[in-house]
Amino acid sequence: MIVIKEEEEIEKMREAGRITALILREVAEMVKPGVSAHQLNEYAERRLRELKAIPAFKNYPHPSGGKKYPAALCVSVNHEVVHGIPTRDKVFKEGDIVSLDFGVLKNGYYGDSALTVGIEPLTKRARQLIKTTREALYQAIKKAVAGARLGDISHAVQTYVERRGFSVVRDFAGHGIGTHLHEEPQVPNFGIPGRGPLLKERMTMAIEPMVNMGDWRVRVESDGWTVVTADGQPSAHFEHTVVVRDGEAEILTVVE
Ligand code: MF3
Ligand code: CO
């Protein structure tokens, strides 16, 4: 069932979204050669305590019964697509493509956002990959309006990405969000316009294109969490929590 939120609930989601965006922006600014993913996660967990918010991902149950997700932040580098664990040995270097995914629970409501930063010098193609993934998200958000269909969002991501010679990951999707991190509906990054559930005002969802430079296929590493590209080529990820509106979607994971 797709839940339509009350305006009072959306106001709480704005607060969760603000905290998500603020901390995500801060950790993104810390991405430099020699800094580790573990340091970013430690910083994020400290900021959550200061802002009296709860990490959304830490101890999240494994989808197929493995061990719970161990951190507040996901840090996925280069061929890692999503759900990378912020370990101490994951030390950034020049040329890295670093995807950061972060979620917050505040006053009973969730925020979820992701972005990818590149450490220069990058190849032109790597810079294009990041830019295309970011822009695919904004193209999709434009479709998150009352009266459209879920397939319009999915199709917008897929066409924007594939026209630029990249591919969309099919095994993972965006999702409804609210009192749970993952609610209905699933929001795939590929699909057919005009198909799927009708979008209504006050639906809230996390739209999250995961884009591969090469083939769309992925596999999961032996740690049970880290999703990597099957062909070893790099990947990028952007995500915002949004609310469907009449005319123009509202992005909740923004700082003020
Ligand atoms: N944004 C991701 C998602 O919605 C992050 C989840 S990490 C997890 O699936 F640990 F919570 F699974
Ligand atoms: Co998400």
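Residues numbered from 1 in each chain as written. Chains lettered and ligands numbered in written order. Predicted model: local features only at pLDDT ≥ 70, side-chain atom pairs only at ≥ 80, totals over all residues. Heavy atoms only, no water.

1. A closer look at helix α3 (residues 124–142)
Helix length check: α3 (19 residues) gives 27 Å between terminal C-alpha atoms against 27 Å at 1.5 Å per residue, within 8%. All of the buried residues along α3 are Ala126, Leu129, Ile130, Thr132, Thr133, Ala136, Leu137, Ala140 and Ile141. (Helix = DSSP H or I, 4+ residues; strand = E, 2+ residues; numbered from the N terminus. Expected span 1.5 Å × (residues − 1). Buried < 20%, exposed > 50% of the residue type's maximum accessible area, 1.4 Å probe, protein only.)

2. Overview of the sheet that holds strand β8 (residues 183–187)
Taken together, the 5 strands give an open sheet; going across it, the order is β8-β7-β9-β14-β15, and neighbouring strands pair in antiparallel fashion. Of all the strands in the sheet, just β8 and β15 (250–251) have a single pairing partner and so form its edges. Two elements, strand β7 (residues 174–176) and strand β9 (residues 204–207), share 2 bridges in a ladder whose sense is antiparallel. By the bridge assignment, glycine 176 is partnered in β9 with methionine 205. Lying over the sheet, helix α4 (residues 150–162) contacts β8 and β9, oriented at roughly 40° with respect to β8. (Pairing = 2+ DSSP bridges. Contact = heavy atoms within 4.5 Å. Axes fitted to C-alpha atoms, helices over the stretch in contact; angles between N-to-C directions.)

3. Overview of the coordination of the cobalt ion (ligand 2)
Ligation of the cobalt ion (ligand 2) by protein atoms is provided by Asp112 (OD), His175 (NE2), Glu208 (OE) and Glu239 (OE), these donors lying 2.1 to 2.2 Å from the ion. Bound by 6 donor atoms, the cobalt ion (ligand 2) shows angles of 67 to 172° at the metal and therefore irregular coordination geometry. Sequence positions of the residues that donate to the cobalt ion (ligand 2) give the spacing D-x62-H-x32-E-x30-E. Note that aspartate 112 is positioned in strand β5 (residues 109–118) and glutamate 239 in the loop between β13 (235–237) and β14 (240–243), a separation of 127 residues in sequence. Neither residue differs from the other here; aspartate 112 and glutamate 239 are each classed as buried. (Donors = N, O, S within 2.8 Å, 3.2 Å for Na, K, Ca; no water. Tetrahedral: all angles 85-135°; square planar, octahedral: opposite > 155°, others 65-115°.)

4. Observations concerning the environment of asparagine 189
Mapped onto the elements, asparagine 189 comes out in the loop between β8 and β9. Separated by 30 residues in the primary sequence, asparagine 189 and threonine 159 have C-alpha atoms spaced 9.6 Å apart. In this structure asparagine 189 touches Ser154, Val157, Gln158, Val168, Val169, Phe172, Glu208, Pro209 and Met210, once residues within four positions along its chain are discounted. For asparagine 189, the side chain forms a polar contact with the main-chain oxygen of glutamate 208, separated by 3.1 Å. (Polar contact = N/O pair within 3.5 Å; in protein donor to acceptor, adjacent residues only side chain to side chain.)

Any functional reading would require information that these geometric values do not contain.
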